[in-house]
Amino acid sequence: MQVFNVKNNVYYIGVSDRGLRVFDIMMETKHGTTYNSYLIKEEGGVTIIDGVKAGFTDKWLDNIRSLVDIKDIKYLVVQHTEPDHSGAIPALLALNPNIEVYGSFMAMANLKEINNAPFISNVIKPKQELKLSERQSLFFYPVPNVHWPDTIITHDPVNAIAFTCDFLGQHIAPQQLLYSKEPNKKIIEEEIKLYYDAIMAPFKSDVLKSVATLKSLDVSMVLNSHGYILDTKEAVDWAINKYIKWSTVNKSEKLTITVVFASAYGYTRSMSEAVISELEKASALVHVFEVPRDDLATIVARIEESDALLVASPTFVGDGIKPVYDVLNSLNPVMCFGKYFSAFGSYGWSGEAVRNYMNRASELRFKKVDEGFKVRLKPSEKELEDTRLYARNFIMKIKAELNK
Ligand SMILES: Cc1cc2nc3c(=O)[nH]c(=O)nc-3n(C[C@H](O)[C@H](O)[C@H](O)COP(=O)(O)O)c2cc1C
Ligand SMILES: [Fe+2]
Ligand SMILES: [Fe+2]
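Described in the following lines is the structure provided in the data block. (Residues numbered from 1 in each chain as written. Chains lettered and ligands numbered in written order. Predicted model: local features only at pLDDT ≥ 70, side-chain atom pairs only at ≥ 80, totals over all residues. Heavy atoms only, no water.)

Some points on the overall build of the chain
Just so we agree on the cut-off: Each helix corresponds to a stretch of at least 4 residues labelled H or I by DSSP, and each strand to a stretch of at least 2 residues labelled E; elements are numbered beginning at the N terminus. Pairs of residues are marked as contacts when any of their non-hydrogen atoms sit within 4.5 Å. Surface exposure here means Shrake-Rupley accessible area, sampled with a 1.4 Å probe, where a residue is shielded only by the protein chains that are shown. Only four residue types enter the charge count, namely Lys and Arg as positive and Asp and Glu as negative; His and the chain termini do not. Here the site of a charge means atom NZ of a Lys, CZ of an Arg, CG of an Asp or CD of a Glu.
A tally of helices and strands in the chain yields 13 helices and 22 strands. If one aligns the C-alpha atoms of the chain with their principal axes, the spans along those axes are about 85 × 40 × 40 Å. Within the chain, counting contacts between residues at least 6 apart in sequence, those at least 24 apart form 70% of the total. Total accessible area computed for the chain in this model is approximately 17500 Å², and 54% of it derives from carbon and sulfur atoms. Taken as two groups, the 47 positive and 50 negative side-chain charges of the chain have centres that lie 3 Å from each other.

What follows is the structure, given as structure tokens:
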């Protein structure tokens with residue numbers, strides 16, 4: 001990517017990583033990505049906002065040198081220390097150790113562990129002003145957990161620009177970076193959603209707080225750190241509205257429970273039916289899924305809207321079964337924290353599934369309502385009655401805690 005003037009004294013100094021096909025181990029990046037970095041060329045106070053990934057250090061430094069002398073850089077704002085934005089920073093600080101670095105407490109602590117050498121560290125306070133000159137200042141706004149605890153947004157009111165790092169980014173490495181000039185908006189729409197799902201989705205309530213922060217500022221341009229720059233007010237509003245839509249979880253007023261079950265011979269199925277009917281009798285809204293038949297993404301979305309999750313399956317080969325683990329492994333502790341959990345099922349001789357699902361629930365930070373419940377082989381009438389009792393106790397305990 002070539003250096004270009006974004007607006008007035010603000011320049012793009014980022015790099016393209018067109019060949020990238022996997023980001024953060026798990027995310028497919030079929031269009032590559034960019035690591036966007038910016039330079040504000042103000043007389044007496046050259047400022048750099050965010051770095052790039054190690055491996056692109058030379059190109060980044062060349063981009064900077066094409067605009068200013070490295071010794072004239074006064075400030076570096078580190079909005080987020082994930083190495084795709086901080087990897088090249090040690091090289092810059094080695095060339096100019098007088099650069100004053102600004103970032104959140106967490107960002108400065110992280111950078112210490114990445115730079116592994118002393119640097120001039122300034123921990124920002126919310127809304128803190130950094131004066132670049134008589135006419136221009138930057139203001140810092142912490143937006144923790146979108147998507148690391150260290151993250152901040154930087155506002156430049158003179159230019160009505162918000163620097164938002166990963167927030168509102170997309171993994172694309174286009175020839176030119178302005179949203180307004182891209183005729184094929186569909187690709188941006190697809191990639192901003194994939195990026196949101198992979199990076200932001202676990203932090204929906206924090207995303208909504210960050211949106212509120214951004215909306216409170218005078219912003220007609222969002223300079224993010226991946227993909228297209230949102231260079232008009234319309235583009236900014238378009239992206240913000242998408243983030244609001246995707247982050248709004250439709251929670252019912254009713255106590256909502258998702259039941260995910262699997263059954264080879266119908267034993268766990270009959271237990272599930274008994275449980276579901278008890279939950280419904282207690283006026284809960286119950287979402288029922290059978291795995292592996294039902295769609296995983298839909299199951300995860302319903303779990304996110306629910307107050308509790310019940311999983312049920314037989315034990316196979318000394319463990320729970322893959323389709324249930326696929327569901328549990330698609331969740332994360334951030335979204336499960338505060339939700340209730342239990343597991344049940346039929347087994348033949350050793351019956352490890354229930355215990356193992358309960359253990360996984362601890363890792364996911366669910367609140368375990370009980371120890372789970374299991375029946376050997378085909379549930380008898382008495383065992384079905386015990387299953388109903390298990391379900392009634394489950395919902396009673398949750399209702400008592402939630403007052404629903
Ligand atoms: C392939 C296979 C492996 C099994 N391995 C175990 C096991 O390791 N421990 C156990 O307690 N039961 C084991 N069982 C028995 C089932 O858990 C038991 O038949 C259960 O009642 C089936 O319930 P369902 O009708 O809901 O599928 C196994 C069953 C199958 C088919
Ligand atoms: Fe990141
Ligand atoms: Fe990033």
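Looking at the coordination of the iron ion (ligand 3)
As a reminder of what qualifies: Listed donor atoms are N, O and S within 2.8 Å of the metal (Na, K and Ca: 3.2 Å). As water is not included, a site may look incomplete. Tetrahedral means four donors with every angle between 85 and 135 degrees, whereas square planar (four donors) and octahedral (six donors) require angles over 155 degrees between opposite donors and between 65 and 115 for all others; sites fitting neither are termed irregular. Relative accessibility thresholds used throughout: buried, under 20% of the residue-type maximum; exposed, over 50%; partly exposed, between the two (1.4 Å probe, protein chains only).
On the protein side, the iron ion (ligand 3) has Asp 84 (OD), His 85 (NE2), Asp 166 (OD) and His 226 (NE2) as donor atoms, found 2.1 to 2.2 Å from it. Because the angles between the four donor atoms bound to the iron ion (ligand 3) fall within 84 to 172°, the donor set is best described as irregular. All donor residues of the iron ion (ligand 3) come from one chain, and their arrangement in sequence is D-H-x80-D-x59-H. Between the two metal centres, the iron ion (ligand 3) and the iron ion (ligand 2), the spacing is 3.4 Å, with Asp 166 acting as a shared donor. Of this pair, His 85 sits in helix α2 (residues 83–86) while His 226 sits in the loop between β16 (221–224) and α7 (233–247), placing them 141 residues apart in sequence. With relative accessibility at 0%, the residue His 226 sits in the buried group.

Brief notes about the sheet that holds strand β11 (residues 120–123)
Stated formally: Two strands are said to pair when DSSP picks up at least two bridges between them. In this analysis, axes come from line fits to C-alpha atoms, helices being fitted only over the stretch in contact, and the angle between any two N-to-C directions falls in the range 0 to 180 degrees.
Strand order in the open sheet formed by seven strands is β1-β2-β7-β8-β9-β10-β11, and the pairing between neighbours is mixed. The strands lining the two open edges of the sheet, one partner per strand, are β1 (4–7) and β11. Between one strand axis and the next, the sheet turns by 25° as a mean value, whatever way the strands run. On the sheet, helix α4 (residues 105–115) packs against β10 (100–103) and β11 and is oriented at approximately 130° with respect to β10.

Observations concerning the pairing of strand β18 (residues 285–290)
Counted only if it meets this: Call a crossover right-handed when, viewed with both strands pointing away from you, the route from the first strand across the helix to the second goes clockwise.
Where strand β17 (residues 256–261) meets β18, six bridges bridge the pair, whose relative direction is parallel. Within β18, the position partnered with Phe 261 by the bridge is Glu 290. In this region the chain leaves β17, passes through helix α8 (residues 267–281) and returns to the parallel neighbour β18; the handedness of that crossover is right-handed.

Thoughts on the site of ligand 1
The line we're drawing: To be near a molecule or strand, a residue needs just one of its heavy atoms within 4 Å of it. Two N or O atoms form a polar contact when they lie within 3.5 Å of each other; inside protein one atom must be a possible hydrogen donor and the other a possible acceptor, and for residues adjacent in sequence the pair counts only when both atoms belong to side chains. Residue polarity is assigned by list, with Asp, Glu, Lys and Arg as charged and Ala, Val, Leu, Ile, Met, Phe, Trp, Tyr, Cys and Pro as nonpolar; anything else, Gly included, falls into the polar class.
What surrounds ligand 1 is a group of 18 residues, the closest being Ala 264, Thr 268, Thr 315, Gly 318 and Ser 346. Thr 315 has a polar backbone atom sitting 2.7 Å from an oxygen atom of ligand 1. In this structure, an oxygen atom belonging to ligand 1 sits 2.5 Å away from a side-chain N or O atom of Ser 346. Burial of ligand 1 by the protein amounts to 83% of the accessible area it has alone, namely 640 Å². Elements supplying a minimum of two residues to the shell around ligand 1: α8 and β20 (340–347). For the shell around ligand 1, the per-class residue count stands at nine nonpolar, nine polar and no charged.

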